[in-house]
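# Coordinate analysis (summary)
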Amino acid sequence: EELYQIILSEFKKKTKFKIPTLKYLRIASKRLGKKRSMIGFGNAREIRNFIEKIEEKQTSRIIFERENGSPPDKFEFKREDILGPKIKDFKSKAYDELKDQIGLDKIKDTMRMFLEVIRINEDLEENEKNKMFY
């Protein structure tokens, strides 16, 4: 809760910026909170670094959207800027090549299960529920 309040106050300082839902900041603050037990964790530094990463992701997304003909809202922080891409958007050349391989069924099954666990946890997190698997 404390991290969420700090993050929220930092975003409120950016008066023109928009976030579709504050839920994304709550989820992000929970992720940051899990790092608290690490040696050297500092609220202010972690939040500053977190916001810098979000701004970098937003900038990259805006450049990509402009290059692909979309008129982005340069004041909006989207879900993928704050939390990263959803698992449904997962693309990997290596994983595609693995799926095309003959055999390797145990490895393919393990990868499918791994991605399913990530998807389930992502859905739980998106609904602000505790994750099943870590």
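Up top is the structure these notes are about.
I will try to describe carefully the structure that is included in this document. (Residues numbered from 1 in each chain as written. Predicted model: local features only at pLDDT ≥ 70, side-chain atom pairs only at ≥ 80, totals over all residues. Heavy atoms only, no water.)

Our next topic: the packing of aromatic side chains. The geometry of an aromatic ring pair comes down to the distance between the two centres and the angle between the two planes. Applying the stated criterion across every chain yields a total of 2 aromatic pairs. Relative to F77, the ring of F17 has its centre 5.1 Å away and its plane inclined at 40 degrees; by these criteria the two rings are tilted. Here F17 is found in the loop between α1 (2–13) and α2 (23–33), whereas its partner F77 is found in the loop between α3 (43–67) and α4 (79–83), with 60 residues between them in sequence. The class of F17 is partly exposed, set by a relative accessible area of 32%. A connected cluster of aromatic rings, assembled from ring pairs, spans F17, F75 and F77. (Phe/Tyr/Trp six-rings, centres within 6.5 Å; stacked < 30°, edge-to-face > 60°. Helix = DSSP H or I, 4+ residues; strand = E, 2+ residues; numbered from the N terminus. Buried < 20%, exposed > 50% of the residue type's maximum accessible area, 1.4 Å probe, protein only.)

Another aspect to go through is α3. Over its 25 residues, α3 runs 36 Å from end to end, which matches the ideal 36 Å to within 8%, given 1.5 Å per residue. Of the positions making up α3, those classed as buried are E46, I47, F50, I51, I54, Q58, R61, I62 and E65. Contacts from the buried residues of α3 go to α1, α2 and α4. Once α3 finishes, G69 follows within two positions and takes phi at roughly 85 degrees, a positive value. (Expected span 1.5 Å × (residues − 1). Contact = heavy atoms within 4.5 Å.)

A few words now on the packing of helix α5 (residues 93–100) against helix α6 (residues 105–126). With their axes 10 Å apart at the nearest point, α5 and α6 run at an angle of 135 degrees to one another. One element, α5, and the other, α6, form an angle in the oblique class. Note that α5 runs across α6; the crossing there is left-handed. On the side of α5, the interface is formed by Y95, L98 and K99, while α6 contributes I107, K108, M111, R112 and L115. Taken together, the residues of the contact of α5 with α6 break down into 5 nonpolar, no polar and 3 charged. (Axes fitted to C-alpha atoms, helices over the stretch in contact; angles between N-to-C directions. Parallel < 35°, antiparallel > 145°, perpendicular 65-115°, else oblique. Left-handed = near helix turned anticlockwise from the far one by under 90°. Nonpolar A, V, L, I, M, F, W, Y, C, P; charged D, E, K, R; others polar.)

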